[in-house]
Amino acid sequence: MGSAFVLRKLGGALLTLFAIAVLNFFLFRMLPGDPVNTLLPRTVSQAQKNALRIHLGLDQPVFPGIVRSPQGALEIDLSTLPDSLLQNQFLTSMGNLLVLDLGQSFSERKPVTEVIADHFWPTVLLVGTAEVIALVVGVLIGIRAGWRRGSRFDRLAINGSLVLYAVPLFWLGMLLFYLFATSNGIALFPGQQMVTPGARHTDLVAYWVDVLRHLFLPAATLALGLIAGNALIMRSSMVETLKDDYVTTARAKGLTESQVVRRHAIPNALLPTVTVVALTFGYVLGGAIGVEEVYAWPGMGSLIIDAIERKDFPVLQGVFLVIALCVVIANLVADMMYGILDPRVRT
Amino acid sequence: MALLEVRDLVVEFTLGDGRIARVVDGVDLDLDAGEALGLVGESGCGKTTTALAIARLLPANGRIARGTVRLDGQDLTALDDAAFRDRRWTDISVIFQGAMNALNPVRRVGDQVAEPILIHEPTTTREAARRRVAELFELVGISPDRLREYPHQFSGGMRQRVMIAMALACRPRLVIGDEPTTALDVMVQAQILELLERLRRELGLALILITHDLSVVAETCDRTLVMYAGRLAETGPVERLHGGPLHPYSLRLLRSVPDLSGERRLPAGIPGQPPSPESPVSGCRFHPRCDRAMAQCVTDVPVVRSFGEAHRVACHAVGEEGRLRPPGELPRIPSALAIAAASTSGVEVAVDADVLPVSADDLGVPPGDPREPPADRPVGVAGPPMPPVPPSVAPVRTTTDASAPTTDDLPRVDA
């Protein structure tokens, strides 16, 4: 893989990130209403409101030549030029972004970066576990189903996958919760949170055992949904690849059936799967929001829901940016993987 | 004893709706060591299926229903899969059509060529295999520096050379070339054919060359085998068959090749299409498209008769003296019989009984001398352009039922 290839992909990813940051900025500025009114009780004076506005930098024009009217709508006001060329919220915001300052959370009175950091790793743990399980299990099921197309295993895999694929993840989560975390079914696992509340863990091993017990149900929920999608893609990819002429060539050369599949069919069939897994990473994070809410998993999904309820816009803006970053990185990784797997794109 | 001896080969495909289509129907084929046989016919005539059956590469819904394939006297059809696998590539290798898809796009060409060596000769070290692949590359005219490249880095002709190197990797005695020059431009085509011819001489390979290009056969092969609709039409030494074809189908096929030195016009071609395997035609399968069709052709399957020098032909219009009789000498076809046959065989026939049979002049064949090489006198050169269809039993076309499966439903019946 040439360094030019890597640099081009990295450049593309950075450009995407910048576009997302710009979009994210305007998305939240275009929301109607005055954040200051949301933050302060109705009873405070106009002077106090203005003081907060200046403190938050909201008195500045949004963008060169664009200001926010008292009614809260964005308006073009060319009289602010040329001062607003340098002094505007956009430049300030982008500058802050460069030093990883995402502002203060309205509700928690601490930096957004810290709030997100608290919730980031639980989500990474949950989504990472689910993705790894789903990738391995889904691909294995897809390989076997596609190889033995029309067999009982294939029919079972397709129908099972379609059902799982169609079921909303939060509903599947509730079902598993009901069956395996409440006394209505068999209460094998704790249903809520990431660790048992109030528990004092004497050592790291006990802590992780507790976390894994809590992780099992939400990760299983998310993984089940993902396995279905991965298995379906891998299966159809296998079916297509096995029709290719080079598979016949391999057979003609005297390879055994399993050699044909292992050496010539699986590596080639993995290519589309890699792309799709990366492309759906955003949906996975989206699906994780519902699952986290069902199991009260203290991740970014729960954080988003809390932030919406509390109108904590800086946190929302920050979470959106982090999620976008994750999707961009997932795509970058997929591009690199593709470069390793497929020599044709390496040029 | 012949190296390859195929007797009464019947290949059947099971269609999606459970019906059986017989794609190859009773083909005999002999090949001596070091001999080259050209297998010709239109698309869908069963040439590729015959070859795939010999190499046991039929798709899952196809099977050899009858017949034997003997290599050195040993019946290959009797071997189980594991035993046959050991014979693959060491005895019979295949040069596939269009090497783009026949090579795995994500593996290095050197590894792909070395793969059969390492599988069939487990004692070979990787380094020894690599050296042999380098030799093979030199043999087919590729720089051994390109071992570590991928198929997409090669041009079409170079890829075909890689494919040929791969086919020779385990020193097979029989190589089947499945339209190895199709989709290559003419210059490259000539180079590849020259290479095949040279390798065949140097290595003493027996070659089955599948093609629809008769001039390719004339240049590279010792014998020709013409197939029509899954059956043998005519086979014989290249000079005899090309110089004086006995079967009307061979004759028309040879006429379909444009004449470079003659007048500038398109060759006559053969109107109509071969019948589809799932609705076979009665009697001689070529009769709906044949200008010499007689009552006998509609009812009786012609037997294969020999006319010296391994020249064999299956046609009712060939007399005992080994001469294809011109239409004027043949009995008229009763229209009632043609219609009756058409209704049973599922083809629609428009018969104009008054103009039957068509005169020999209409076809440009000098009466009494049908064996004259057709290139000498292009069809209809003197008079007005020949009507594309002789008005006798033609135009004939198969009534294609929209719901009936076409040959497209058969994977790789004849690519």
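None of these values were measured; they are calculated from a predicted model.

**As for the pairing of strand β7 (residues 174–178) of chain B**
Residue and element names in this part refer to chain B.
Then, number 1: The buried fraction of β7 amounts to 5 of the 5 residues, a majority that puts the element mostly inside the structure.
Then, number 2: Across the two faces of β7 the burial is the same, with Leu174, Ile176 and Asp178 and Val175 and Gly177 all buried.
Then, number 3: Inspection of the sheet shows strand β6 (residues 92–95) paired to β7 by 4 bridges, in the parallel sense. Each bridged residue has a counterpart across the sheet, and for Val94 the counterpart in β7 is Ile176.
Then, number 4: Judged from the 5 bridges that link them, β7 and strand β8 (residues 206–211) form a sheet pairing that is parallel.

**Side note on unusual backbone geometry**
Residues and elements named next belong to chain B.
Then, number 1: Phi is positive for Asp8, close to 50°, though the residue is something other than glycine.
Then, number 2: Position of Asp8 relative to the elements: it lies in strand β1 (residues 4–14).
Then, number 3: You can call Asp8 exposed: it has 11 C-beta atoms within 10 Å.
Then, number 4: Unlike most non-glycine residues, Asp72 shows phi in positive territory, near 55°.
Then, number 5: One can find Asp72 in the loop between β4 (62–71) and β5 (74–75).

**Re the domain arrangement of chain A**
Then, number 1: What the domain assignment reports for chain A is domain 1 (31–101) and domain 2 (112–346).
Then, number 2: Averaged C-alpha coordinates put domain 1 of chain A and domain 2 of chain A at centres separated by 41 Å.

**Considerations on the sheet that holds β4(B)**
Adjacent strands of a sheet form backbone hydrogen bonds with each other and so pair up, either parallel or antiparallel.
All names here are of chain B.
Then, number 1: On the basis of which strands lie adjacent, the open sheet formed by 4 strands has the order β2-β1-β4-β5 and antiparallel pairing. Of all the strands in the sheet, just β2 (20–31) and β5 have a single pairing partner and so form its edges.
Then, number 2: Pairing analysis gives 2 bridges linking β4 to β5, with the strands arranged antiparallel. Considered in β5, the bridge of Arg70 is made with Asp75.

Rules used throughout
- Along each chain, residues carry numbers from 1 onward, in the same order as the chain's sequence is written.
- Here the convention is simple: chains get letters from A, ligands get numbers from 1, in the order in which they are written.
- In view of the model being predicted, local features appear only for residues whose pLDDT reaches at least 70, and side-chain atom pairs are presented and counted only at 80 or more, with totals across whole chains, interfaces and linings using the full set of residues.
- Whether a residue is buried, exposed or partly exposed is read from the other C-beta atoms within 10 Å of its own C-beta, which are placed from the backbone; 20 or more gives buried, 12 or fewer gives exposed, and intermediate counts give partly exposed.
- Starting at the N terminus, helices and strands are each numbered in turn, a helix being any DSSP run of H or I of at least four residues and a strand any DSSP run of E of at least two.
- Following DSSP output, two strands are said to pair if at least two bridges run between them.
- Bear in mind that the domain bounds are from an automatic or database domain assignment.

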